[in-house]
Every structure is written in C-alpha cells, then in structure tokens.
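Survey of secondary and tertiary structure
The residues making up each chain are set out below.
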Amino acid sequence: GCISVGCCCRSCSAAAAASVHVATPPLRLPPAHRSRIVGWMRQVAEALGLHLATLFAAGSLLDRFVAASEDLPPDSMLQLLAIACMSVAVKYEEVGQVAPGVWLRLAVDCEGRPIYQSQDLQRMEWVILQAMQWRLHVPNTYSFLSQFLLCLPHAAPANTTAAAPA
Amino acid sequence: MATAAAAAAYPPPRTSATDGLPRLLNNKYRLERRVGEGTYGVVYRATELASGQTVAVKVRGGAGRGGAGTVGGEMRPDDSEEGVPSSALREIALLLELRHDNVVRLREVTRDLSRPDPAAAAAAAAGGRYSSGAGGGGGGGGDSAQLFLVFDFVDMDVHRLMQLYPALGANAALVKYLTYQLLCGLDYCHRRRVLHRDLKPQVEGGWGVRNLLVDVRGGGHSLKIADFGLSRAFGVPVRLLSPEVVTLWYRPPELLLGGRLYGSPVDVWSAACCVLELSNRWPLFPGATEIDTLLKIFEKLGSPDEATWPGLADLPHWRPQLPRYPGRSWEEIAPRLDPAGRDLMRRMLTYDPAQRITAAAALRHPYFADIGPLLERPPQL
C-alpha cells in the first residue's frame, strides 16, 4: 500500500473515501484483524520474554502506522507489518536484542519455510520509521497507565513482563 | 578571540578525504572533513549549501560491507545485518524530541538519496546475498542503509577548552555558568524521560565524538549536551537496564557494583565528575578497571555502608571485605569551589541514588543563588 504521512494524509484519504473502500480518517484495522494480530504479537512477546512496555510500543506503532496510511495494508503484508513493529519496539525498548533470524522464523509457510527474508523486514522497518518520522518516544497505553498508577496512593507495582499473568 | 584560538588549535583531519562518502550529500550538504569518531559513527564537518551554515554530519549504521559502507575501513559494533541499529534508532527518536538551548540540535535525518532506496536495493540484492549465509541475516539493504544525522555545528567542547585554557578551573564564574547549563540540559532530558548515560568531557585519544560541546560564537560559552548514542528512554518505576553504560571514570557506584535498576541519578553522578574535572583540571576517578574506579571513589568519598546506602548489600558486586576508607575532606576534593559549590558536589556524588540530588533540585541549590547576572552577562575567559 502507498503510505502518506502528515497533513496531506487527511485530505488524500477524504478525497479517496468517496470512491474506494476507505473509511473516514484516520484508518483503523478492522477489529477482528487487529485482535488477531495483537493477540499474536502478545504470544510472541510472551515466548520471547519481552517487557510489556515493548508489546504496547509495538501495538502503538501498528495503530499509528495504519492511521497514517492512505489505504489499509493488504492482508499479505499484515504479518510482516506486525513483525516489523515488534522488531522496532524491541530495538527501542529492550536491553537484550532479538536477531533478525528469530523474527523471520516466526512467519513460515505450510512447509515451514520462512515467508519473508531479511531484506523484507529491513524494508518494512524503514517504511515504518519514515512514516512515523522516527517518533518512538511517545506515550502509549502502558506508559501512561504505569505513570498514572504510580500517582495513586498505595499503588501496587505493575507487572513488568509479558510472561506474568495478566 | 576564543574562536580564533579554537580554529588554530583544531587538530588536523586524520584523512582529508571523506572516505568514499559523497562530497556532496543530496545536493544539500558539502562534506568537508572528518572531525570526530566514536564507537557508533564518524562525524564530518559540512556546509549546508543553501544557507552557507556549517553543520555536523554524523554517519550512522549502514551495511558496512565494502564501498562507502566501511566508513574508515572499520566495522562499527552494531553495523550488522539487523537494519537500523538499536543505538541509532534511540539516538534519533530521542534527539528529535529534545529542543533545548543546552542540547545539541538534530536538524535532519536523511539517507544518501543518490543511492537506491533500501527497498529497491533490498529487492535487487535479494537471493544472492541471503543465500551467502553470512550470519544468517542476509544483506544489509546496501550502503543506502547508512543514515546521516545533521546537527548544528559547534566548534568547541569542554575537553578542548580545558586544554586551551589551563586556568579555566580557576575561573569560578565560568565554571558555575557551565555547570548551570549542564544541569539545565540534563533536567530537560530527565523531564522528558531521557537518560543520556554517557556524560563525559573526555574524548578517547583526543579523537572521540565530543559529548559536551561549547558554542563560543558571539563570545558566549553556551554548553550543549551531545552524543546520545547510549541514551534511552526510562519509565517510572525504573526497570532492569544494561549496567554496561557510561565511560568508566564517570560511571556511578550503583553501576560499578552491577546494579541494573537505575535511572536519572546515573547522569547526575557523571555530571558531578565532569564539573570537578573542569574545576580541578584532572579526572576525579580515573580508574583503569571497574574495581579500580570503585576504589578511587571509596578512597575520596569514604567507603559506603548499609547506613549511608540502604540496599547496598543487595548489589551483585558488593563485597563486605572491600577496603574501608575514611574519605577525604571536600576542601581537598574540590579545592577551587566555594562552600556552596562543594555542598552541591557532595549531594550530586551521594552514594545512594535515591538520596542523590536530582538535576531539577540542583538548579535550585544555593550555589546558583547568584546565577542571574551570569546568565545576563555570560562570563568571559
């Protein structure tokens, strides 16, 4: 899909709304799709022992990327998009890094072969970073709520890993 | 006068070439000479053609495989097949959020647009490189994966200022003025949940990426915190982070003792080391190893115990049998600072991070009671 960001996005998609399947801006993934993708991202985060902050940063990237897009990403791209959002979030949030090969092995065809190559992941990461104009240092649900809870009297410490029961 | 001295004292570039990089970047910047090199990139002095302004261009990332990718002929630690390195991603994302007089300004992030887009390069390189099996990753998207970070150019830094003006530390007003600016920049970063994690005046071998810049244009001494290559965002409450940050001499005791739950107090400790180095003209804790640095700290400040630092015994590298030192007097540690300055240093070098003064509180310390006139008329050398 073609990606546009900034002020032009609103007018473009408003103009496009009349003729194509695009809903009112900003775009959102259909709830059923988003639920599946985010559920999968959560499983991955648990399997890799990632911090909740990372999972929420990845979810925020996914939503913001889609919102800044002119069209919904095609279904064939959604898993790559999810992986790239996770990869960027890990680079930003985590102390230990995850090798590209680990990400690529998460998406395999019915015969167990990787669907995407290293270049695909790098390309998707780059597209996301450009579309987000590198704005990763923004509040998300998790970072806001952990700050908020801290302000409450007698606040209990938040769960800090995705592996913890939630 | 200071500017002229700076120009004269500038070390000659190690190579006059731009190492295979384009002399002209995107028809917008003319790369002139290499002025610094750190763990994570090489810095060039350049001119923005449209405005004639001098800028600093930092080259980050890239495939590092032949051609312009191997900047200076060496592989950078994180120039692998992983795309944009974690450190570059953080440096850019965090610097873009920081706009302050005492933080170096990132003007633009760009690629060499004369080279193919990483997407196109990736498509062209698909197959061949991937099957070569180098590290299981595949190609790096070509040299176009290099990122160019364009900063305001600042011609001087604290380290060079100290070399040029050996009596700098005796200039109490200037030391105070620089300290105040350092803390202003730091407070601003911390308020935006950014840890710098590498404050230091030193540059390894005199040729590192400079972290504390001083803009001497217009006769002022405007300090700018730079090089956010080790920076990261921090949350509240703090969580486990890497203890392998901050150059040894400026590394706080909680990191030297292996602590991984840390936050903004690490920068406050480093800042105090910088200020005292400026004032004393000698590094405060020039340890050769982690334990050597720790013992130098104990020897000057006195060994900590559970009473002064609750939780000390839980730190991974703490051993009760470490030597006990009584510590020295603050007149000895900071001979050129006035009593208020010594008190501020004592608070910034408090062992227990929870009791260490914050940058925000430091700015309200009595040491800065007379900062107003200095801000209006910056002190001269």
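Reading guide: rules and limits
Residues numbered from 1 in each chain as written. Chains lettered and ligands numbered in written order. Predicted model: local features only at pLDDT ≥ 70, side-chain atom pairs only at ≥ 80, totals over all residues. Heavy atoms only, no water. Helix = DSSP H or I, 4+ residues; strand = E, 2+ residues; numbered from the N terminus. Buried < 20%, exposed > 50% of the residue type's maximum accessible area, 1.4 Å probe, protein only. Contact = heavy atoms within 4.5 Å. Areas by Shrake-Rupley, 256 points an atom, 1.4 Å probe, with all protein chains shown as cover. Expected span 1.5 Å × (residues − 1). Axes fitted to C-alpha atoms, helices over the stretch in contact; angles between N-to-C directions. Parallel < 35°, antiparallel > 145°, perpendicular 65-115°, else oblique. Left-handed = near helix turned anticlockwise from the far one by under 90°. Pairing = 2+ DSSP bridges. Phe/Tyr/Trp six-rings, centres within 6.5 Å; stacked < 30°, edge-to-face > 60°. Lys NZ or Arg CZ within 6 Å of the ring centre and 35° of its normal. Domains from an automatic or database assignment. Buried area = accessible area lost by both parts, 1.4 Å probe. Salt bridge = Lys/Arg side-chain N within 4 Å of Asp/Glu carboxyl O. Polar contact = N/O pair within 3.5 Å; in protein donor to acceptor, adjacent residues only side chain to side chain. UniProt positions renumbered as here; feature names shortened; annotations may be inferred.

**Quick notes on the overall build of chain B**
Check the secondary structure of chain B and you find 13 helices and eleven strands. Of all 381 residues assigned to chain B, the portion counted as buried reaches 58%. Nonlocal contacts in chain B, meaning residues at least 24 apart in sequence, comprise 69% of its contacts between residues at least 6 apart. About 14900 Å² of surface is accessible on chain B, with carbon and sulfur atoms providing 54% of the total.

**A word on helix α4 (residues 75-93) of chain A**
The end-to-end C-alpha distance of α4(A), which contains 19 residues, comes to 27 Å, matching closely the 27 Å that a straight helix rising 1.5 Å per residue would cover. Among the 19 residues of α4(A), 16 are classified as buried, and the element is accordingly described as predominantly covered.

**Observations regarding the packing of helix α6 (residues 172-191) of chain B against helix α8 (residues 265-280) of chain B**
All names here are of chain B. Where α6 meets α8, the axes come as close as 11 Å, and the angle between the chain directions of the two elements is 165°. Considering the angle they form, α6 stands roughly antiparallel to α8. For the crossing formed where α6 meets α8, the hand is right-handed. Touching V175, L178, T179, L182, L186 and H190 of α6 are D267, V268, A271, C274, V275, L278 and S279, all from α8.

**Regarding the packing of α4(A) against helix α2 (residues 86-95) of chain B**
In contact at an axis separation of 8 Å, α4(A) and α2(B) are set at 80° when each is read in the N-to-C sense. When the axis of α4(A) is compared with that of α2(B), the two are roughly perpendicular. Each of A:V88, A:K91, A:Y92 and A:E93 in α4(A) lies in contact with α2(B), whose residues at this interface are B:S86, B:L89, B:R90, B:A93 and B:L94.

**Side note on the environment of A:E125**
Examined against the element boundaries, A:E125 turns out to sit in helix α6 (residues 118-131). Look at A:E125 and you get buried, because its relative accessible area is 1%. Through-space distance from the C-alpha of A:E125 to that of A:A89 is 10 Å; in sequence the pair is 36 residues apart. For A:E125, the residues in contact, after removing those within four places along its chain, are A:A84, A:S87, A:V88, A:K91, B:E82 and B:V84.

**Quick look at the sheet that holds strand β10 (residues 222-225) of chain B**
Residue and element names in this part refer to chain B. Taken in spatial order, the three strands make up an open sheet running β7-β9-β10, and their pairing is antiparallel. Two strands lie at the open edges of the sheet, namely β7 (156-157) and β10, each paired on one side alone. Inspection of the sheet shows strand β9 (residues 212-215) paired to β10 by four bridges, in the antiparallel sense. When the bridges of β10 are listed, L212 appears paired with I225.

**Thoughts on the packing of aromatic side chains**
All names here are of chain B. Taken as a whole, this structure holds eleven aromatic pairs over all chains when the rule is applied. Centre to centre, the rings of W269 and F285 are 6.0 Å apart; their planes meet at 25°, and the pair counts as stacked. Of this pair, W269 sits in helix α8 while F285 sits in the loop between α8 and α9 (290-301); the two residues are 16 residues apart in sequence, bridging distant segments of the chain. With respect to class, W269 is no different from F285; both count as buried. Its guanidinium or amino end placed over the ring of F153, R45 lies 5.0 Å from that ring's centre, counting from NZ or CZ. Over the face of the ring belonging to Y367 we find K176, whose NZ or CZ atom lies 4.5 Å from the ring centre.

**Overview of the domain arrangement of chain B**
All names here are of chain B. For chain B, the assigned domains read domain 1 (13-152) and domain 2 (156-376). Counting residues at the interface gives 25 residues for domain 1, matched by 24 residues for domain 2. The largest per-residue losses of area from domain 1 upon contact with domain 2 belong to L94, L98 and N102, which jointly make up 30% of the total buried on that side. At the junction of domain 1 with domain 2, the criterion picks out one salt bridge. One salt bridge in this structure joins K58 and D227, with 3.0 Å as the shortest N-O distance. Put simply, domain 1 and domain 2 have seven residue pairs in polar contact (both at pLDDT 80 or more) between them. Listing elements by their share of the side of domain 1 that touches domain 2, those giving two or more residues are β2 (29-38), β3 (41-48), β4 (54-61) and α2.

**Some thoughts on the pattern of salt bridges**
Residues and elements named next belong to chain B. By the definition in use, this model includes 29 salt bridges over all chains. With its nearest N and O atoms 3.2 Å apart, the salt bridge here joins E290 to R251. In this pair, E290 sits in helix α9 while R251 sits in the loop between β11 (232-233) and α7 (253-256), placing the two residues 39 residues apart along the sequence. Residue E290 is classed as partly exposed on the basis of its relative accessible area, which comes to 32%. We note a salt bridge from E299 to R328, for which the minimum N-O separation is 2.6 Å. Placement of E299 in helix α9 and of R328 in the loop between α9 and α10 (330-333) is noted, with a sequence separation of 29 residues between them. The class of E299 is partly exposed, set by a relative accessible area of 26%.

**Topic: the UniProt feature "binding site: ATP" (unreviewed entry) in chain B**
Residue and element names in this part refer to chain B. The feature "binding site: ATP" (unreviewed entry), as annotated in UniProt, sits at K58 in this numbering. Its location among the elements puts K58 in strand β4. Of the residues examined, K58 reaches a relative accessible area of 3% and is grouped as buried.

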